[in-house]
Amino acid sequence: MSGEGTKGKLRLGFLTAFEVPQRGFVGGLLVTNHFGRPLEFQCTTPVQPNRTQQILYGPTLVPFIQSELIGKTLVDKVGVKPDLILTDSQQLLDLREHISIPVACLDDQVAGESSAEGGESASQISIGRHTLRFHGAHQSDEQEIEAKSRLIPDGADLLEPFERVREALNEATGTGAKR
Amino acid sequence: MSPANDQPPAIASDSDSTRADLSQTPDCVSLPLELTAQVFASGMNGALKRWSAVEAREVPLAAKLTLSPGWKPHRMRIATFGFTFPDGLEFIPPKEEADDAEKLERILPPKQSKRADETDSGKKKKSTRLKPPEDALSLEDRLFYVLQPPLESWLAGQELIMPFEPFPFQYEGIAWMFAQKSALLADEMGLGKTMQAITAMRLLLRSGQARRILLICPKPLIPNWQREFKLWAEELPITTVEGDAARRRMLWTMPGVPILLANYELMARDFDGMPEEDHPRFDLVVLDEAQRIKNRDSLTAQVSRGIIRRRSWALTGTPIENRPEELASLFEFLEVIPPRGTPDLRQLSRLADDYILRRTKDLVMSDLPPRLDRDEYLELTPAQKHSYATAEKEGIVQLNDMGDTITISHVFELVLRLKQITNADPLTGESAKLDRLAAEMEEIVQSGKKAILFSQWTRTLDWLRDELEKRLPQCGTLIYHGGVPTKKREPILTRFREDPDSHLLLMSYGTGAVGLNLQFSSYVFLFDRWWNPAVEDQAINRAHRIGQENPVTVTKFISKDTIEERIDLVLQQKRDLFAAILGDGDNTNASLSLTASEIFGLFDLKARAGKGTKSIGPEDPAEEKQAA
């Protein structure tokens, strides 16, 4: 299902979502080739949950908005489908339950520096300089990605594209994202 | 929805915590329970044994239970915004050549031993992000730049191979140019304008921002650009406009050519004779040595402005050669001022802030080896002295006799004649400068170093070569000037670079001062002085530039008590006077040629010139005596 990338190509989706004070939650998805060159970008306008949603969703509100609402919308919307979606937050891992593309969360630590603390060794692999954590219920994602991940250069900084997405979201919310 | 409302207040008031809880409930009323007992003096107090009277009240249950309106989770609609990035041009990667050992340039593979974002000291390396240009108004345009990867990772030898790691200021220059529709890169000579321009063009092509680029440069620099493109962007096919008119016409309009390279003369001639509807269109036009269009009325300037293009870049180390107004012509090409616009100094300065990027070696290249300037004041030989004195005396008498008919060219002629005598005596061939040069070259040859020498005259260069071949054959003297056929020039430079027995390259200011990379030379001699310090600096910077690993010694030969000394002083004064037009630390933009009044002033002829000009030359008592 996720085999949009042709042989020898790997498209990475960098997904992040965060709350902008007084505006609500925004999310952005940047699809790049395996060198980090951008292919497509999608972002949402700010999403503001109402009082009822805040009360009824309780602590599950943020994961719901970030993954099910924002993440899924962006993945549905994007034309250049990524082979792997990388996130910078554990909460976004749940997106995997709603889409058919592997989702992995980047651990903060650089690969090899904290293998002892991982705990969920079965769903972790190293790509570039980072450790990727996959969704516990989708263990097969790991094998699917491991083979393709060799295309990513060893020195690649997979956290860097998130900075671009965050900057783009700030730019978009600052200037008023329009449909 | 307010359960506390129905509670009897007396029950709730026992504990403070409960009261606090209840006080937060909107419909709760809290009343203090007061029980009072009176004690009588008899000691018998019946009230103590009596129970407090408590009343009970019946509260009926609601007959019908009501519910608030039902709520079901529904999926909110989210508005999105997005765009796809244009496809960049794909180029076939260059093949590895088998005969690499014979290549002139050793191209090192990109360094991969360290993490991409770490320097030798282990610190996190600065990343250069592309910034949206000021005039990018739409969100899509702005995000296009914001979402590009940092240049360091873009050029880290992954997708685009770079033969050498650029310096941080070069990354900044590339990022700036990439985002500019109008840009004048005016870095001081030797800081790598060529490389920055090539890399920015490469990124534009690779990111789909440009598909057709025209690069115009002076004719002698065509091989230099071809070589630099091969070094910095090997995969880009370059097409040079040359050949007969029919072939050139075909080349101008041929589709699928990403980069066209042409010289100013051909560009001006071909476009001038071409019907307007046939004019080719370009995504980007780059003018190298853009001071060539400083005169906005020249054909070259007019034709350059007429080329249909989306972006305009200009490269020059000397954006102002004589007057700040020259910038206006460049700004007109960049389309940031209206046609024939005449911005005042304040406007020019503001435009410079927006559209000019200039860095000087002093500011950015703290690690470039020092340049040691040495002014060698030489005493003329007796024969030279005699010839000089005679020529000067006769010349001034002649000029005086001319009265009001005297023109600048008459004075100029005398200056040239005197300068030639300071180079060598025309009768005997004696030359104090040659003697000193031969002595210094002997030492340079022994140490295995290389030197370049500049002179104003090709004839002087030819004479020097002959003399040095006789005196110092081991010097391996080579010559490079306008008289050398274009095809033979490149092999001469190659030989000078490669041949360990070749120690001296003689060059003319006109041909050798611009654009060549001779950073393997540690010595520069200015055999005679040019009229314009900017040209001299251009010449010196052939050697004192990026890639130079040793200090560069610059020797200027100045003959004592001659016109050379006076010219040197005037130029120095002018340089001081006009320094820092473009910013602090800029010591090379005062590239001002001698004006007519200054040339008259060299002989204190201002009064006779009758044009109200004022001498700014030094008041030398010796000169006054001579003039009298």
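All values reported here derive from a predicted model rather than from experimental measurement.

### Some words on the overall build of chain B
Here is step 1: Per the secondary structure count, chain B includes 24 helices and 14 strands.
Here is step 2: Looking at chain B as a whole, 51% of its 628 residues are labelled buried.
Here is step 3: Considering only contacts in chain B between residues 6 or more positions apart, those separated by 24 or more positions represent 75%.

### Regarding the side chain of Asp283 of chain B
Residue and element names in this part refer to chain B.
Here is step 1: With respect to the helices, strands and loops of the structure, Asp283 is situated in strand E6 (residues 281–287).
Here is step 2: In this structure Asp283 comes out as buried when scored by relative accessible area, which is 15%.
Here is step 3: Those residues in contact with Asp283 that lie beyond four places of it in its chain are Ala210, Arg211, Arg212, Arg310 and Arg311.

### So, unusual backbone geometry
Peptide bonds are trans in most cases, and residues, glycine excluded, mostly fall at negative phi.
Residue and element names in this part refer to chain B.
Here is step 1: Of note, the phi angle at Glu289 is positive, near 50 degrees, even though the residue is not glycine.
Here is step 2: Note on placement: Glu289 falls in the loop between E6 and helix H10 (299–306).
Here is step 3: On the accessibility criterion, Glu289 (9% relative accessible area) is buried.
Here is step 4: In this structure, Asp561 is a non-glycine residue whose phi angle is positive, near 55 degrees.
Here is step 5: By the secondary structure assignment, Asp561 is in the loop between strand E14 (552–559) and helix H21 (563–578).
Here is step 6: The exposure class of Asp561 is exposed, given its relative accessible area of 55%.

### Let's talk about the interface of chain A and chain B
Here is step 1: The interface is formed by 43 residues belonging to chain A together with 31 residues belonging to chain B.
Here is step 2: Around 3,400 Å² of area is buried between chain A and chain B when both sides are counted, 58% of it from carbon and sulfur atoms.
Here is step 3: Between Glu171 of chain A and Arg142 of chain B there is a salt bridge; the shortest N-O distance is 2.5 Å.
Here is step 4: On the surface where chain A and chain B come into contact, there are seven residue pairs in polar contact (both at pLDDT 80 or more).

### A few points about the pattern of salt bridges
Residues and elements named next belong to chain B.
Here is step 1: In this structure the tally under the stated criterion is 32 salt bridges over all chains.
Here is step 2: Between Arg374 and Glu440 there is a salt bridge; the shortest N-O distance is 2.8 Å. With a gap of 66 residues between them, Arg374 in strand E9 (residues 371–378) and Glu440 in helix H16 (residues 432–446) connect regions that are remote in the sequence.
Here is step 3: On the accessibility criterion, Arg374 (34% relative accessible area) is partly exposed.
Here is step 4: Overall, Glu440 belongs to the buried group, its relative accessible area being 13%.
Here is step 5: A salt bridge links Arg436 to Glu376, with the shortest nitrogen-to-oxygen separation between them at 1.9 Å. Of this pair, Arg436 sits in helix H16 while Glu376 sits in strand E9, placing them 60 residues apart in sequence.

### Concerning a negative patch on the surface
Here is step 1: On the surface, a cluster of negative charge is made up of Glu134, Asp135, Glu140, Asp141, Asp353 and Asp354 of chain B.
Here is step 2: Residue classification places Glu134 of chain B among the exposed positions, given a relative accessible area of 75%.

### Points about the pairing of strand E11 (residues 477–480) of chain B
All names here are of chain B.
Here is step 1: Of the two faces of E11, both are covered, the one formed by Thr477 and Ile479 as well as the one formed by Leu478 and Tyr480.
Here is step 2: Bridge analysis of E11 against strand E12 (residues 504–508) gives four bridges, and the strand direction is parallel. In the strand pairing of E12, Tyr480 is matched with Met507.
Here is step 3: In terms of handedness, the path from E11 via helix H18 (residues 486–498) over to E12 forms a crossover that is right-handed.

### Quick word on the sheet that holds E14 of chain B
Either a parallel or an antiparallel arrangement is found when strands of a sheet pair, and the pairing is made through backbone hydrogen bonds.
Residues and elements named next belong to chain B.
Here is step 1: If you trace the six strands from one edge of the open sheet to the other, you get E9-E14-E13-E10-E12-E11, paired in parallel fashion. Each edge of the sheet is formed by a strand with only one pairing partner; in this case those strands are E9 and E11. If you compare each strand with its neighbour and ignore which way they point, the axes differ by 20 degrees on average.
Here is step 2: Alignment of E9 against E14, held across eight bridges, turns out to be parallel. Bridge pairing links Asp373 to Val554 in E14.
Here is step 3: Of the strands in this sheet, strand E10 (451–455), E11 and E12 touch helix H17 (residues 458–471), which is tilted by about 165 degrees from E12.

### Overview of the packing of helix H14 (residues 382–402) of chain B against helix H15 (residues 408–423) of chain B
Residues and elements named next belong to chain B.
Here is step 1: At a closest axis distance of 9 Å, the pairing of H14 and H15 adopts a crossing angle of 175 degrees. Considered as vectors, H14 and H15 are oriented roughly antiparallel to each other. Contact with H14, carried on its side by Gln384, Ser387, Tyr388, Ala391, Glu392, Gly395, Ile396, Gln398, Leu399 and Met402, involves His410, Val411, Leu414, Arg417, Leu418, Ile421, Thr422 and Asn423 of H15 and no other residues of that element.
Here is step 2: Within the contact of H14 with H15, the residues separate by chemical class into nine nonpolar, seven polar and two charged.

### Some remarks on the side chain of Glu228 of chain B
All names here are of chain B.
Here is step 1: By the element assignment, Glu228 lies in helix H7 (residues 222–232).
Here is step 2: It is Arg227 that comes nearest to the buried, bridge-free Glu228 among opposite-charge side chains, at 4.7 Å.
Here is step 3: Non-local contacts of Glu228, meaning those with residues more than four positions away in its chain, are made with Thr194, Ile198, Ala233 and Asn517.

### Points about the confidence of the model for chain A
Residue and element names in this part refer to chain A.
Here is step 1: Averaged over all residues, the pLDDT of chain A equals 81, while 83% of them reach at least 70.
Here is step 2: Ranking the helices and strands of chain A by mean pLDDT puts strand E3 (residues 38–44) first, with 95, and strand E5 (residues 103–110) last, with 74.
Here is step 3: Contacts of residues 109–122 to residues separated by more than four positions or lying in other chains number 15 contacts, the stretch itself having pLDDT below 50.

What counts, and at which threshold
One numbering rule holds for all chains: residues counted from 1, following each sequence as written. Both sets of labels track the order of writing: A upward for chains, 1 upward for ligands. Side-chain atom pairs in this predicted model are given and counted only at pLDDT of 80 or more, local residue features only at pLDDT of at least 70, and totals for whole chains, interfaces and linings cover all residues. Where side-chain values are given, they derive from all heavy atoms of the structure, hydrogens and water being excluded. Numbering of helices and strands runs from the N terminus, with a helix taken as a DSSP run of H or I at least four residues long and a strand as a DSSP run of E at least two residues long. Each residue is placed in one exposure class: buried if its accessible area under a 1.4 Å probe, protein chains only, is under 20% of its type's maximum, exposed if it is over 50%, and partly exposed if it falls in between. Residues are treated as being in contact if the distance between any of their heavy atoms lies within 4.5 Å. Take the accessible area each of two parts loses on contact, using a 1.4 Å probe, and add the two losses: that sum is the buried area. A carboxyl oxygen of Asp or Glu within 4 Å of a side-chain nitrogen of Lys or Arg is what we treat as a salt bridge. Polar contact is defined as a pair of N or O atoms within 3.5 Å, subject to the rule that within protein one atom must be able to donate a hydrogen and the other to accept it, and that residues adjacent in sequence are counted only when both atoms are side-chain atoms. Here a patch means residues that are over 30% exposed by relative accessible area and free of salt bridges, tied together within 9 Å if like-charged and within 5 Å if nonpolar (Val, Leu, Ile, Met, Phe, Trp, Tyr). Under the convention used here, a 1.4 Å probe and the Shrake-Rupley method define accessible areas, while residue burial counts only the protein chains that appear. For the purpose of charge, His is not counted, nor are the chain termini; Lys and Arg are scored as positive and Asp and Glu as negative. Lysine's charge is taken at NZ, arginine's at CZ, aspartate's at CG and glutamate's at CD. In this description, strands pair whenever DSSP reports at least two bridges between them. For crossovers, right-handed means that the path from the first strand over the helix to the second runs clockwise, given strands pointing away from the viewer. Angles run from 0 to 180 degrees between N-to-C directions of axes, and those axes are lines fitted to C-alpha atoms, restricted for helices to the stretch in contact. When an angle is under 35 degrees it counts as roughly parallel; over 145 it counts as roughly antiparallel; between 65 and 115 it counts as roughly perpendicular; any other value is oblique. All amino acids are sorted into three groups, where Ala, Val, Leu, Ile, Met, Phe, Trp, Tyr, Cys and Pro are nonpolar, Asp, Glu, Lys and Arg are charged, and the leftover types, Gly among them, are polar. The pLDDT value expresses, per residue, how confident the predictor is, ranging between 0 and 100.

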